[in-house]
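If you want the building blocks of each chain, they are given just below.
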Amino acid sequence: MTVNGQHQESQAPQVPQESGELTRRKVVVVGAGALAVVGLGGSAFAANAVAQDREPAAGESAEACYRLTSEAVEGPYYIDADKIRRDVREDREGIPLLLSLKVIDSETCRPIRNAAVDIWHCDAAGVYSGYENQGNGGGGGPAPTGEPPTGMPGGGHQEPTDDTRYLRGTWRTDRHGHVSFKTVFPGWYRGRCVHIHTKVHVDGEWTDAGYEGGHTCHTGQFFFDEESVLASAVVEPYSANTAERTTLTEDTIYDQSGTQGGLLRLHYDKRDITKGVHASLTVGVDPDATEDGQGAPPQASASASPSASAS
C-alpha cells in the first residue's frame, strides 16, 4: 500500500489520518481524533455510535471465541487501500451506518492491535466507486452482473475504470482490536444480497512513513438480515433501485452460518431505520494464515439463484 496524497498534522503520532490518497502496499499514518457522529441523521444513531461490539454472553464464550470467521472471495471491485479514513461516505446518500468491528485471534481470543482493516461496498443504487460504468448509477447501464473475467481466480479482479473512491476506506485497529467506519447502508445489484467486503492485514509495521510489509490474514464479507434490508428498500434513495435483489438465503457467497459467516448484529429504531444503523461483529482470524480471497468461490446453496454469481 503506497502513499500518494495529503494528510493533516496532529498531536498524536502513528495513527492513520482521516483522509489521504495512496496506491498499493503502504498506508500513511498520522494523528487523528475520535470518530465523530454529529450530523449522521438522528439521535438514535448518535447514541449507538459509541457502543462497542458486544462480548459473548455467558455459556457461549468458548464457542464464539474459538471460531474463525468465514473466508470469502475478494470479488472484482477491490482497490488496495486507496483511502486511509474512517468516514468513507463522501457524497453518497443513504441510511447512516456505523460499522464497529473487533478483530481477535480466533485461537487465543486476544485482540489484534495495529491491524489494517479495509472495507468497500456499493452505494444505494448498487454501484461500486472506481467502476461506475459497470453500475446503474449516473454513468448509465445496468447494475453489475458480477460475471468475472475468465481465467481469473477470486471472483476475477478488474482494474478500476474511473477515479471515484466513495464507500472505501482503511483504518487501524486499536489496542482492544476495535476499528469503526462511518458509511451508509449498502444497496444491492443483480446476483448478490446486500453486503460489505473486508480485508484484514497484519504483521506490517506502522511508522510515520506508512504501513509496510505484512500479509492479508482475512478476506471476508459482512451481511445484513432480511428485516433490515426490507426496511431500507422502501425509503429513498434505495426505493429507486430497480435491480433484482438476491435474498440472504439465496446468496452464493454467504455460507448461512450466522455471525461466523459475517452476519452483522444490527441495532436501529425499527420504527424509522433512516435515523441510522449500528452494525457490529467480532471477526476471528488466524494471524499466521494468508487469506487473500483469491481461491475458488464457494459453492452455491441449494436455494441459490443460478444467476447469483456476482461478488
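Everything that follows concerns the structure shown earlier in this document.
Just so we're clear, the structure is a prediction, and the values are computed from it rather than from any experiment. (Residues numbered from 1 in each chain as written. Predicted model: local features only at pLDDT ≥ 70, side-chain atom pairs only at ≥ 80, totals over all residues. Heavy atoms only, no water.)

(A) Looking closely at the overall build of the chain. Within the chain, the regular secondary structure consists of 3 helices and 8 strands. The buried share among the 311 residues of the chain stands at 51%. Contacts spanning at least 24 positions in sequence make up 78% of the contacts within the chain whose residues lie at least 6 apart. A total of about 13,400 Å² of accessible surface is found on the chain, and carbon and sulfur atoms cover 48% of it. (Helix = DSSP H or I, 4+ residues; strand = E, 2+ residues; numbered from the N terminus. Buried < 20%, exposed > 50% of the residue type's maximum accessible area, 1.4 Å probe, protein only. Contact = heavy atoms within 4.5 Å. Areas by Shrake-Rupley, 256 points an atom, 1.4 Å probe, with all protein chains shown as cover.)

(B) Region of the structure containing the side chain of Ser 129. Note on placement: Ser 129 falls in the loop between strand S2 (116-120) and strand S3 (168-172). Leave out the neighbours within four places in its chain, and Ser 129 touches Ile 79, Asp 162, Thr 164, Arg 165, Tyr 166 and Arg 168.

(C) A look at the pairing of strand S5 (residues 195-206). A large share of S5 lies buried, amounting to 9 of its 12 residues. In terms of strand pairing, S2 meets S5 through 5 bridges, oriented antiparallel. When the sheet's bridge partners are listed, Asp 118 is paired in S5 with Lys 199. (Pairing = 2+ DSSP bridges.)

(D) Summary view of the nonpolar core. Ranked by internal contacts, the top residues of the largest apolar core, which has 41 residues, are Leu 99 and Phe 224. Going through the elements one at a time, strand S1 (96-105), S2, strand S4 (178-184), S5, strand S6 (211-223) and strand S8 (277-285) are the ones with two or more residues in this core. With 5 residues, S8 is the largest single contributor of residues to this core. Beyond its immediate chain neighbours, meaning those up to four positions away, Leu 99 contacts Ile 119, Val 179, Ser 180, Phe 181, Ile 196, Phe 222, Leu 264 and Ala 279. (Core = buried A, V, L, I, M, F, W, Y, C linked by side-chain atoms within 4.5 Å.)

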